[in-house]
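Report on the structure
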Amino acid sequence: MDSLNERPEAVMLPSKQPVGLIDPEGSLLTDHSTDKDAYPLPDQASLLRGYAEMVKGRRINDQAGALVRQGRMAVYPSSHGQEACQIAAAMCLAEQDWLFPTYRDSVAVMAKGVPPVEVLELLRGSWHGGYNPYHYKVATQATPLATQLLHAVGLAHAAKLKGEDTVVLALCGDGASSEGDFHEALNFAAVFHVPVVFLIQNNGFAISVPLAQQSVAPSLAHKAIGYGMPGERVDGNDLAALLSVLRKLIQRARDGGGPALLEAHTYRMLAHTNADDASRYRSEEEVAQWLPKDPILRLRRYLTAQGVLTEQLEQEFAQAADDVASQMRDGLNAEAQVDPLDLFRFVYAEPSSQLREQSELLAEEVRRTNNADTEEVAR
């Protein structure tokens, strides 16, 4: 019997320590059981695929940062150091499942199948989200904290009413857990028993506010019991543990077990965004303590020791990552084709008389400008 489907209070409490399967040195933990059931180690094929995706994710983060410095993007919130959370989120979802990301989850969105350039359109400063959410089953990236959680719960509730085999994975950070929308989303999800899993990427800071100044709960996962759902904690830099725990919670939701809350303990290695000075609120010594816990380095050590990751595969993964970076550069270096009439085209399905009038005025102005430019060239 799956203990997560039981409802006693003790079962809803998270593990005393975050679930981990592989330590920072790349060795299997000898005892990875928890107060609940043991989480099985994912197969090597899954881990190898996850490693390749993390390498790609790291390259994406680095390239995006370079594009910001070159003036091709307005801002980029890097997930450098959090790639295990990003990739696990995408890998654990079935084709029909939905992902609701935050502004920092570009790597997860790309891993779910959205083309990189389309993902970055929003951060480039375009007027639209960059991709069709319904095509990829990925909601637009949410900049306001926690608002996407309510949307995720609404979609999960609708899927349940329709009898669809859909699970929703809602991502957020530790800062979002301080928002009222967080409470409303979890409470609604629990009361209506909807198939949604909330994944908190606890990277230690809500911009500059440390977790200790946001919550005095034993952990953010402990908040789950207050809503009547199970909570769990996981080492957010251990891809193997993330895959194992997330798969279990997602399958539980798919089987009708209802919502769950998972807290992944990780760390934001870079500043909040390129506009942030992280040295104002954290020390270099603190950041250095997380360097040996790097999720990519950890899994590389394990897979190499197992004889699964070869030098040739490393080269292939690096080349695939470089190819994605090249696509990003080419796409973001191309000048955006802007149609001013889009200001009115996508406001309402049936435009109001005022919008039609304004649209016609702008269209006439565009025609006059284009004609004037044509005459100037002719002269």
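Numbering of residues starts from 1 in every chain and runs along the sequence as written. Whole-chain, interface and lining totals are the exception, using all residues; otherwise, since this is a predicted model, local features are given only for residues with pLDDT of at least 70 and side-chain atom pairs are given and counted only at 80 or more. Just so you know, side-chain values use all the structure's heavy atoms and leave hydrogens and water out.

With that settled, consider the packing of helix H3 (residues 83-91) against helix H9 (residues 239-254). A pair of packed helices is characterised by two quantities: the angle between their axes and the separation of those axes. Axis definition: a line fitted to C-alpha atoms, limited for helices to the stretch in contact. Angles are taken between N-to-C directions and run from 0 to 180 degrees. The helix count covers DSSP runs of H or I at least four residues long, the strand count covers runs of E at least two residues long, and both are numbered beginning at the N terminus. Where H3 contacts H9, the axes come no closer than 9 Å and their chain directions differ by 35°. The interaxial crossing formed by H3 with H9 has right-handed handedness. For the pair formed by H3 and H9, the contact residues are Ala84, Cys85, Ile87, Ala88, Ala89 and Met91 on the first element and Leu239, Leu242, Leu243 and Leu246 on the second. Split by residue class, the contact of H3 with H9 holds ten nonpolar, no polar and no charged. Each crossing gets its handedness from the near helix: less than a right angle anticlockwise from the far helix is left-handed, clockwise is right-handed. Residue contacts are counted whenever heavy atoms from the two residues lie within 4.5 Å of one another. Side-chain classes are defined by residue name, with Ala, Val, Leu, Ile, Met, Phe, Trp, Tyr, Cys and Pro counting as nonpolar, Asp, Glu, Lys and Arg as charged, and the others, Gly among them, as polar.

Tracing the backbone shows Pro77 in the loop between helix H2 (44-69) and H3. For every residue, the accessible area obtained with a 1.4 Å probe (protein chains only) is divided by the maximum for its type, and the residue is called buried under 20%, exposed over 50%, and partly exposed between those limits. A relative accessible area of 3% means that Pro77 is categorised as buried. Considered as a pair, Pro77 and Pro218 are 141 residues apart in the sequence and their alpha carbons are 28 Å apart. Sequence-distant contacts of Pro77, defined by excluding residues within four places in its chain, comprise Tyr103, Arg104, Leu123, His272 and Thr273.

Moving on, we come to the sheet that holds strand E1 (residues 98-100). Here a strand pair is declared whenever DSSP counts at least two bridges between the two strands. Across the sheet, five strands lie side by side as E1-E2-E3-E7-E6; this open sheet has parallel pairing. Edge positions in the sheet fall to E1 and strand E6 (231-235), since each of these pairs with one other strand and no more. Across the sheet, the mean angle from the axis of one strand to that of its neighbour is 20°, orientation sign disregarded. The pairing of strand E2 (residues 168-173) with strand E3 (residues 196-202) spans six bridges and is parallel. Bridge pairing in E3 places Leu169 opposite Val197. Lying over the sheet, H3 contacts E1, E2, E3 and strand E7 (260-265), oriented at roughly 170° with respect to E3.

The next point concerns the pattern of salt bridges. One speaks of a salt bridge when a side-chain nitrogen belonging to Lys or Arg is within 4 Å of a carboxyl oxygen belonging to Asp or Glu. Scanning all chains against the criterion turns up 17 salt bridges. A salt bridge links Arg254 to Asp165; its shortest N-O distance comes to 3.5 Å. Remark: Asp165 occurs in the loop between helix H7 (147-162) and E2 and Arg254 occurs in helix H9; sequence separation between them is 89 residues. The class of Arg254 is partly exposed, set by a relative accessible area of 21%.

Where burial is concerned, most of E3 is hidden: seven out of the seven residues are buried. The alternating pattern of E3 places Val196, Phe198, Ile200 and Asn202 and Val197, Leu199 and Gln201 on opposite faces, both of which are buried. In this region the chain leaves E2, passes through helix H8 (residues 180-191) and returns to the parallel neighbour E3; the handedness of that crossover is right-handed. We call a crossover right-handed when, viewed with the strands running away from us, the connection from the first strand over the helix to the second turns clockwise.

A positive phi angle is found at His193, which is not glycine, with a value near 55°. Classification of His193 by relative accessible area gives partly exposed; the value is 30%.

This brings us to a nonpolar patch on the surface. Patch members must show over 30% relative accessible area and no salt bridge, and they are joined within 9 Å when carrying like charges or within 5 Å when they are nonpolar side chains of Val, Leu, Ile, Met, Phe, Trp or Tyr. Using a 1.4 Å probe, accessible areas were evaluated by the Shrake-Rupley method; residue-level cover was limited to the displayed protein chains. Residues Phe188, Val191 and Phe192 make up a contiguous nonpolar surface patch of roughly 260 Å² in combined accessible area. As for its position among the elements, Phe188 is in helix H8. Exposure remark for Phe188: the relative accessible area of 31% places this residue in the partly exposed category.

Moving on, we come to helix H5 (residues 116-124). Think of an α-helix as 3.6 residues a turn; residues three or four steps apart then line up on the same face. Every buried residue of H5 is listed here: Pro116, Val119, Leu120, Glu121, Leu123 and Arg124. Close packing links the buried residues of H5 with helix H4 (106-111) and helix H12 (311-333). One or two positions beyond H5, positive phi appears at Gly125, with a value near 105°.

Right, let's get into the packing of aromatic side chains. Pairing of aromatic rings covers Phe, Tyr and Trp, the last through its six-membered ring, and needs centres within 6.5 Å; plane angles under 30 degrees mean stacked, over 60 mean edge-to-face, and all others mean tilted. Across all of its chains, the model carries seven aromatic pairs by this definition. Aromatic pair Trp98 and Tyr134: ring centres 5.9 Å apart, planes at 80°, arrangement edge-to-face. Taken as a pair, Trp98 in strand E1 and Tyr134 in helix H6 (residues 133-136) lie far apart in primary sequence, 36 residues in all. Its relative accessible area of 66% is what places Tyr134 among the exposed residues. Among the aromatic side chains, those forming a connected cluster through ring pairs are Trp98, Phe100 and Tyr134. Against the face of Tyr39 rests Lys248, its NZ or CZ located 4.9 Å from the ring centre. Its end group placed over the ring of Trp290, Lys293 keeps NZ or CZ at 4.4 Å from the ring centre. Only Lys NZ and Arg CZ are tested; either one counts as a charge over a ring when it is within 6 Å of the ring centre and within 35 degrees of the ring normal.

When you line up the elements, Val11 lands in helix H1 (residues 9-12). The class for Val11 is buried, based on a relative accessible area of 17%.

Met73, Tyr76, Leu169, Leu246, Leu299 and Leu303 are the most contacted members of the largest nonpolar core, which has 66 residues in total. Here Leu299 is in contact with Ile22, Leu47, Tyr51, Met54 and Leu239, once residues within four sequence places are set aside. Definition of nonpolar core: a set of buried residues of the types Ala, Val, Leu, Ile, Met, Phe, Trp, Tyr and Cys, connected through side-chain atoms within 4.5 Å. Of all hydrophobic cores here, the second largest spans 26 residues; its members include Ala152, Ala156, Phe182 and Ala189.

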